[in-house]
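# Reading the structure
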Amino acid sequence: MTLVKTETAPYFDAFRARPPHADEPDWLAARREAALQRFGELGFPTRRQEAWRFTNLRPLQGTSFGPAPSTVSIAHQTLDPYRLKGQGHRLILVFVNGRFAPGLSTLGELPAGGWLASTRRTLGERPDLLEAVLDESDVLGAQPFASLNAAFFVDGFVLALAPGVVLEEPVQIVHLGRAAQPHAHHLRNLIQLEEGSSATVVESFAGEGAYWTNAVTAVSVADRAALRHMRLQDEGREAIHFALVRAALGADAHYEGFALTLGARLSRYDMLATLAGEGARCGVSGAYLLRGDQEATNAVMIDHAAPGGVTRELWKGVVEDRAHGVFLGRIAVRPDAQKTDAEQANHNLLLSPRATVDTKPELEILADDVKCSHGATVGDLDETALFYLRSRGIGEAEARRMLVEAFATEAIATVDGAALRDHLTTHLQHWLARRGV
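Residues numbered from 1 in each chain as written. Predicted model: local features only at pLDDT ≥ 70, side-chain atom pairs only at ≥ 80, totals over all residues. Heavy atoms only, no water.

### A closer look at the pairing of strand β15 (residues 281-290)
- Of all ten residues making up β15, nine are buried, and the element is well covered by its neighbours.
- Pairing between strand β13 (residues 254-261) and β15: eight bridges, direction parallel. Counted as the bridge partner of Y255 is C282 from β15. (Buried < 20%, exposed > 50% of the residue type's maximum accessible area, 1.4 Å probe, protein only. Helix = DSSP H or I, 4+ residues; strand = E, 2+ residues; numbered from the N terminus. Pairing = 2+ DSSP bridges.)

### A closer look at the nonpolar core
- L159, L227, L249, Y255, M271 and V284 are the most contacted members of the largest nonpolar core, which totals 53 residues.
- Those residues in contact with L249 that lie beyond four places of it in its chain are V221, Y255, T274, L275, A276, G277, A280, R281 and C282.
- Core analysis: the second largest hydrophobic core is formed by 39 residues, Y82, V94, V96 and A287 among them. (Core = buried A, V, L, I, M, F, W, Y, C linked by side-chain atoms within 4.5 Å. Contact = heavy atoms within 4.5 Å.)

### Structural notes on the pairing of strand β6 (residues 157-161)
- Along β6, five of the five residues are buried, which leaves the element largely enclosed by surrounding structure.
- Neither face of β6 is left uncovered, since the one carrying F157, L159 and L161 and the one carrying V158 and A160 both have all their residues buried.
- The sheet contact formed by strand β5 (residues 114-118) and β6 spans five bridges and is antiparallel. Each bridged residue has a counterpart across the sheet, and for G114 the counterpart in β6 is L161.
- One ladder, built from four bridges, connects β6 with strand β8 (residues 183-193); its direction is parallel. Among the inter-strand pairings, L159 is bridged to a residue of β8, identified as I191.

### Observations regarding helix α9 (residues 396-412)
- The end-to-end C-alpha distance of α9, which contains 17 residues, comes to 24 Å, matching closely the 24 Å that a straight helix rising 1.5 Å per residue would cover.
- Every buried residue belonging to α9 is among A399, R400, L403, V404, E405, F407, A408, A411 and I412, and all of these are buried.
- Contacts from the buried residues of α9 go to β13, β15, β17 (310-319), β19 (341-350), α8 (383-391) and α10 (418-434). (Expected span 1.5 Å × (residues − 1).)

### A look at helix α2 (residues 26-42)
- The end-to-end C-alpha separation of α2 is 25 Å, in line with the 24 Å expected for 17 residues at 1.5 Å each.
- Inspection of α2 places L28, R32, A35, L36, Q37, R38, F39 and G40 among the buried residues, and these make up the whole buried set.

### Considerations on the side chain of D270
- Within the secondary structure layout, D270 lies in strand β14 (residues 266-275).
- What makes D270 buried here is its relative accessible area of 16%.
- A polar side-chain atom of D270 sits 2.7 Å from a polar atom in the side chain of R268.
- With residues up to four places along the chain from it excluded, the contact list for D270 reads A243, L244, V245 and A299. (Polar contact = N/O pair within 3.5 Å; in protein donor to acceptor, adjacent residues only side chain to side chain.)

### Quick word on the packing of α8 against α9
- Their axes nearest at 9 Å, the elements α8 and α9 cross at an angle of 130 degrees. Between α8 and α9, the angle is such that the two are oblique. Handedness of the crossing formed by α8 with α9: right-handed. Here α8 contributes A385, L386, L389 and R390 to the contact with α9, which in turn contributes E396, A399, R400, M402 and L403.
- Of the residues that constitute the contact of α8 with α9, the class distribution is six nonpolar, no polar and three charged. (Axes fitted to C-alpha atoms, helices over the stretch in contact; angles between N-to-C directions. Parallel < 35°, antiparallel > 145°, perpendicular 65-115°, else oblique. Left-handed = near helix turned anticlockwise from the far one by under 90°. Nonpolar A, V, L, I, M, F, W, Y, C, P; charged D, E, K, R; others polar.)

See below:
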């Protein structure tokens, strides 16, 4: 194995020192080595690369993140803020430092044709599914942290539904991190919905200490299937969080994604969606609320590869203190993707003089019969609205909090389902309550 970029040396050393996985097939071991080699060739992204020119990776480069400890004690009540309220039959998978925690999880019965399990269990019982978890771009592509993930992942979750299977209740995935010393946990996940099936997946990330979460999720939504995929990122203030979602949509498929970013010192969410089937619909929205010295990037690439596709994006950012928010949004329409209807918007509030936002919405249109729009705004709170609230006897701090909540809630309102909206709004309110805005 040849080391190419010197900054990757600690990860090559950790790879050689890791305990052997005797139960892994030869093809997976070979794929891991090839992926690590690709990471060595690519190295860490730099600001010379357009996709990374606004992201400061110093917190990641300045610390060595070794393997995560395998045993950590977590109390059941730790999960309470991340459980959906009012749900009856529950499917909850809990991961601690990147490993499945059966004692904290609740696995009920799935309909016939449904599979929900850890990636490690899937390896032993459904290896056919595990092959879908790994993408050839891990070895050939230009995403170094996805390649590193493919080399090191230990666990994750797999949800697979046969044609026509419908999950009435949401699947809840809770990822908890605990770090006495810096470590990394790499999660490799798969959501695979066959024709006409549907599901809702709610992922939550939280924890304490200096650790690095690096998650990669492959999503396949077949013809006429529907997936709602909500993500809450509320990691501790010393944590680093990277997540990549690769989604492929079939004909008349529907993917609705939402990401609420509240935590982590440094975070990045990459969403790559391909509307490969005619009439596919994709809604990818989110909100990021940052303070202190937090830095968060949301990078969304939607590729319209077939006619009649619909995309809706609404992203809201609230940034205060010295925090830095980044939105990179690109919608591409290929020549054959006629009748595409796409809308993208990013709006930001800067609540202090040193807060910064970089926003870059883009359209690349190669078809001539389309309806596409995009836009971005950056500004402060509406002084007229603030004056109106103050004139009604509301204190300045409370008035500002109300306006910020209303601003961010506009993005949450795009989520389908009252229970999901309430869950996200509760965490938004907790963020606001941590310190007056």
